[in-house]
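Each chain is listed here by its residues.
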Amino acid sequence: MAEPGERAGAQQGPRPARRVAGVRRNAPAVEYDAPRWLRSLAGASWRAIVVVIAVGMVFYATAQVKLLFIAVFLALVFTAVLRPLVELLARFLPRFVATGVAILTGVLFFVGLLTYVGYSVANEWEDLSDRFSDGLGQIVEFLESGQLPFRITSEQIAGWINDGQKWLQDHAGDLAGQAAQSAGSVVEVLTSLALAIFCTVFFLARGREMWTWFLNQLPERFREGWIQAGGAGWYTFSGYTRGTVIIAVTDGMLAFVLLLILGVPLAAPLAVLVFIGAFIPLVGAPAAMVIAMIVALAANGLWSAVFVGVGIALIGQFEGHVLQPLVMGKQVSIHPVVVALAVAGGTLTAGILGAVVSVPLVAVAWAIFSRLRTLDPPMTVDEADDGMGPQGARVRDEDAPV
């Protein structure tokens, strides 16, 4: 005799299959007209387009508030340079007092540098004007002597001078308008500098509290990523900034000693140009070298200009092979090709400002990306060369590219 449960099961029959949520029964097979590689390429392409549009919007928004961007960037630079001094003074003084002393020290250093440059120019001006006139006369005689493949006569030089004077007279109005526009730019620069100093005070005195407040505004699940990204970015930016300042000061001091030994006038202003040029990768140092060579050529003759060019070039080699690896170490590791492309792109986008800020921004972006990504096991050079050759053939060692 069957149990009640068995009779109930017999009466109900087999149980229907359970339906799984999200799955359609008898779903038609999807057929693609395009090959798989084309679908993958299309998916990557539209994602790349979205990224490019997002980056373009960031650049556009930055261009609309360029004054604010410059102020914040300068504030971060001042903070990176002065923070070690503030941390040292904060051991003995209150934090705000240490911040004030550090900023005052930086301002006095900058004002003293400008004062020394101005005093040097004023002190050497009379002697420099006489030496310049003699040097220009020597250059004119050299051009007229016929030692070059081409010959330039005094009449041609006089004609060029007259053409220059006529061009100045014809464009006097335009030059006056540009001068007025430059005066407005000076006001903007001073405004940005004042705003940068104001922000620097709070970055140095309350930077950690400001960063903590920002993290507390984020959902808890996102905070760890922001902490990792912010730490990597600031470590790279501060290392690059402090390293660049140390290298620039060293280059300026070496150039100053070199110009003094060679007897080139205006050694202090030219050393300051070398110092400023160190902040513009690839472009600044050659520009400062050309200006120093022109001054040496006009004041002391051809061989002095040659010695100045060789000396500053050797200083550049010392910077690239000794100072940068020693000072920056592994904080900033960017290939020279990337540096060149970043400087070129920054210059085309925003002129001198873009050339200055492009390399640190690229370094920070790469540091953040390197910290957040998951890196697969690296390949060797031989493994990378295996795919170079006819399809299905393995490249021999002697056929591999160098």
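Residues numbered from 1 in each chain as written. Predicted model: local features only at pLDDT ≥ 70, side-chain atom pairs only at ≥ 80, totals over all residues. Heavy atoms only, no water.

1. Overview of the overall build of the protein chain
Okay, so step 1: Secondary structure assignment for the protein chain yields 12 helices and 0 strands.
Okay, so step 2: Mapped in sequence order, the helices and strands of the protein chain form the string α-α-α-α-α-α-α-α-α-α-α-α.
Okay, so step 3: Looking at the protein chain residue by residue over its 402 residues, the buried ones come to 24%.
Okay, so step 4: Counting contacts in the protein chain only where the partners sit at least 6 residues apart, residues at least 24 apart contribute 65% of the total.
Okay, so step 5: Of the roughly 28100 Å² that the protein chain leaves accessible, carbon and sulfur atoms contribute 67%. (Helix = DSSP H or I, 4+ residues; strand = E, 2+ residues; numbered from the N terminus. Buried < 20%, exposed > 50% of the residue type's maximum accessible area, 1.4 Å probe, protein only. Contact = heavy atoms within 4.5 Å. Areas by Shrake-Rupley, 256 points an atom, 1.4 Å probe, with all protein chains shown as cover.)

2. Quick notes on the packing of helix 3 (residues 66–89) against helix 11 (residues 336–372)
Okay, so step 1: The N-to-C vectors of helix 3 and helix 11 enclose an angle of 55°; their axes lie 13 Å apart at closest approach. The orientation of helix 3 with respect to helix 11, classified from their angle, is oblique. Between helix 3 and helix 11 lies a crossing whose hand is left-handed. Within the contact between the two elements, helix 3 uses Lys 66, Phe 69, Ile 70 and Phe 73 and helix 11 uses Leu 353, Val 357, Pro 360 and Leu 361.
Okay, so step 2: Here the residues of the contact of helix 3 with helix 11 are counted per class, giving 7 nonpolar, no polar and 1 charged. (Axes fitted to C-alpha atoms, helices over the stretch in contact; angles between N-to-C directions. Parallel < 35°, antiparallel > 145°, perpendicular 65-115°, else oblique. Left-handed = near helix turned anticlockwise from the far one by under 90°. Nonpolar A, V, L, I, M, F, W, Y, C, P; charged D, E, K, R; others polar.)

3. A few points about the nonpolar core
A general feature of soluble globular proteins is that nonpolar side chains tend to end up buried together.
Okay, so step 1: Ranked by internal contacts, the top residues of the largest apolar core, which has 16 residues, are Leu 259, Val 264, Leu 270, Ala 292, Ala 296, Val 308 and Ile 312.
Okay, so step 2: Listed by contribution, the elements that provide at least two residues to this core are helix 7 (220–262), helix 8 (267–277), helix 9 (284–300) and helix 10 (302–327).
Okay, so step 3: Residue contributions to this core peak at 5 residues, all from helix 9.
Okay, so step 4: Setting aside chain neighbours within four positions, we find Leu 270 in contact with Leu 259, Val 264, Pro 265, Ile 291, Ala 292 and Val 295. (Core = buried A, V, L, I, M, F, W, Y, C linked by side-chain atoms within 4.5 Å.)

4. Considerations on the packing of aromatic side chains
Okay, so step 1: Taken as a whole and assessed by the stated rule, the structure comprises 8 aromatic pairs.
Okay, so step 2: Considering the side-chain rings of Trp 211 and Phe 214, the 5.7 Å spacing of their centres and the 25° angle between planes classify their relative orientation as stacked. Taken together, the residues Trp 211 and Phe 214, both in helix 6 (residues 172–216) and 3 residues apart, mark about one turn of the helix. (Phe/Tyr/Trp six-rings, centres within 6.5 Å; stacked < 30°, edge-to-face > 60°.)

5. With respect to helix 7
Okay, so step 1: End to end, helix 7 covers 63 Å across 43 residues, agreeing with the expected 63 Å (1.5 Å per residue, within 8%).
Okay, so step 2: Backbone geometry just downstream of helix 7 places Gly 263 in the positive-phi region, at approximately 70°. (Expected span 1.5 Å × (residues − 1).)

6. Here we look at the side chain of Ser 358
Okay, so step 1: Note on placement: Ser 358 falls in helix 11.
Okay, so step 2: At 3.2 Å, the side chain of Ser 358 and the backbone oxygen of Ala 342 are in polar contact.
Okay, so step 3: Residues contacting Ser 358, with those up to four places away along its chain left out, are Ala 342, Val 343 and Gly 346. (Polar contact = N/O pair within 3.5 Å; in protein donor to acceptor, adjacent residues only side chain to side chain.)

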